[in-house]
Amino acid sequence: MNGSPLWEVFVRSRNGLAHSHVGSLHAPDATMALHNARDVYTRRGEGTSIWVVRSSDIHASNPDEKDALFEPALDKAFRQATYFELPDEVKNL
Amino acid sequence: MLFEYVLRLGDSPLVLAQQLGGLIAQAPTMEEDVALANVSLDLLGQARALLSFAGELEGRGRDENDLAYFRESHAFHNLLLVEQPNGDFAQTQLRQFLYDAFAIELWTQLQRSSDATLAAVAGKAVKETAYHVRRSADWVIRLGDGTEESARRLHAALANLWMFTGELFLTDAVDDAMAEQGVAPLASRLEPAWRTRVESVFTDARLDVPETAWPQRGGKLGRHTEHLGHLLAEMQVLPRTHPGARW
């Protein structure tokens, strides 16, 4: 299977709402990728659901563009919930 | 008699677990290595529960370790199929499939056992085995319907193993008694479902179901092929050399 494609594995944990990336593995097709993912990544009862995606189908942002993409967000503290002072009357938010 | 029946139930997964354990760090890929180890550990868990139960039934103070490590090969009651060597990957997976296809029917029926312990063990084992048989069937199909070389190896494995499948469904006085008491299904009754599954997978794997030759038998009675002795020697050497050794 060394010549077989690489797959990214996403597992939804017991209490988690979303599938999270847990790692990758080699498999010749989706069926076996799911089998292998079950055996490699859910051995300790981690998951309730598995997704596998061909690594080549994932389009990633360019690390060189990191500043252009992400830095403008850093000085906009008002986008964080913690920026706002909570009135005392508000018990739950 | 229940003691003997439980030993038969427990010895097959024990021997098969030991076989698969021997492949750790030797499987063709890392993913397969982990998968074989998982199956091995499931089988070992089944064997431990059953041998502990057998020890209680016997009432002579033997626990799971005594039964696993301090019995001679003639006192083992596993099926001959599971003691056949790992061979190549095709033989390992075909042996697994032929056993899994049997075990899934057995555990399914045993969930309704009149014995509460056996029913509980079966309830856990049936889930594990449902996954095992999916995997081993998948591999049999891939190898049979794969390359010329993989098909050649699978055909060779079938020629080696088929003669040991008849024993799965042979019954004797112990089986009859267990069936009468509602403890266990009669093994012969499991054959049609086993055969249906095997035929369906073999069709996809482009394998012909061989003519039923004279079946090899004797494992359940303690008469084994030469392979079991070697396997037990390796499995038992440590506890016999250092009795009572602990981690």
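Now for a look at the structure at hand. (Residues numbered from 1 in each chain as written. Chains lettered and ligands numbered in written order. Predicted model: local features only at pLDDT ≥ 70, side-chain atom pairs only at ≥ 80, totals over all residues.)

1. Details of the overall build of chain B
- Across its full length, chain B holds ten helices and zero strands.
- For chain B, the succession of helices and strands along the chain, N to C, is α-α-α-α-α-α-α-α-α-α.
- Radius of gyration (C-alpha) of chain B: 17 Å, near the 18 Å computed for a compact globule of 247 residues.
- The dimensions of chain B, computed from C-alpha atoms along their principal axes, are 55 × 45 × 30 Å. (Helix = DSSP H or I, 4+ residues; strand = E, 2+ residues; numbered from the N terminus. Rg over C-alpha atoms; globule rule 2.2 N^0.38 Å.)

2. Looking at the sheet that holds strand 2 (residues 19-26) of chain A
All names here are of chain A.
- Read from one edge of the open sheet, three strands run 2-1-3, paired in antiparallel fashion. Two strands in the sheet have a free side with no partner beyond their single neighbour: strand 2 and strand 3 (47-54). Averaged over neighbouring strand pairs, the angle between their axes works out to 30° when direction is ignored.
- Bridge count for strand 1 (residues 6-13) against strand 3 is seven bridges, and the pairing is antiparallel. Counterpart to Glu 8 in the pairing with strand 3 is Val 53.
- Lying over the sheet, helix 1 (residues 30-41) contacts strand 1, strand 2 and strand 3, oriented at roughly 135° with respect to strand 3. (Pairing = 2+ DSSP bridges. Axes fitted to C-alpha atoms, helices over the stretch in contact; angles between N-to-C directions. Contact = placed C-beta atoms within 7 Å.)

3. Thoughts on the packing of helix 5 (residues 89-110) of chain B against helix 6 (residues 116-144) of chain B
Residues and elements named next belong to chain B.
- Taken N-terminus to C-terminus, the directions of helix 5 and helix 6 make an angle of 145°; their axes are 7 Å apart at the nearest point. In this structure, helix 5 meets helix 6 at a crossing whose hand is left-handed.
- Among the residues forming the contact of helix 5 with helix 6, the class breakdown is 19 nonpolar, six polar and one charged. (Left-handed = near helix turned anticlockwise from the far one by under 90°. Nonpolar A, V, L, I, M, F, W, Y, C, P; charged D, E, K, R; others polar.)

4. As for the interface of chain A and chain B
- Counting from both sides, the interface comprises ten residues of chain A and, opposite them, eight residues of chain B.
- Secondary structure elements with two or more residues in the side of chain A that touches chain B: strand 2 and helix 1 of chain A.
- Ranked by the residues each element gives to the side of chain A that touches chain B, the list is headed by helix 1 of chain A, at five residues.
- Counted by class, the side of chain A that touches chain B contains four nonpolar, four polar and two charged residues.

5. Topic: the nonpolar core
- Among the nonpolar cores identified, the biggest contains 69 residues, and Leu 50, Leu 81, Leu 94, Phe 102, Val 140 and Leu 154 of chain B are the most heavily contacted of them.
- No other element matches the 13 residues that helix 5 of chain B contributes to this core.
- Residue contacts for Leu 154 of chain B: discarding those within four places in its chain leaves Ala 90, Leu 94, Val 140, Leu 143, Gly 144, Ala 205 and Leu 207 of chain B.
- In this structure, Val 11, Leu 25, Met 32 and Ala 37 of chain A belong to the second largest nonpolar core, which totals nine residues. (Core = buried A, V, L, I, M, F, W, Y, C linked by C-beta atoms within 7 Å. Buried ≥ 20, exposed ≤ 12 C-beta atoms within 10 Å, placed from the backbone.)

6. Comments concerning the packing of helix 1 (residues 2-21) of chain B against helix 2 (residues 30-58) of chain B
All names here are of chain B.
- The geometry of helix 1 relative to helix 2 is characterised by a closest axis approach of 7 Å and an angle of 155° between their N-to-C directions. Viewed along their axes, helix 1 and helix 2 adopt a mutual orientation that is roughly antiparallel. You can see that helix 1 and helix 2 cross each other, and the crossing is left-handed.
- Across the contact of helix 1 with helix 2, the residue classes tally to 20 nonpolar, four polar and one charged. (Parallel < 35°, antiparallel > 145°, perpendicular 65-115°, else oblique.)

7. Brief notes about helix 1 of chain B
- In this model helix 1 of chain B runs 29 Å from its N-terminal to its C-terminal C-alpha over 20 residues, within 8% of the 28 Å that 1.5 Å per residue would give.
- In terms of burial, helix 1 of chain B is largely enclosed, as 16 of its 20 residues are buried. (Expected span 1.5 Å × (residues − 1).)

In short, the description is geometric, and any link to function would need to be established separately.
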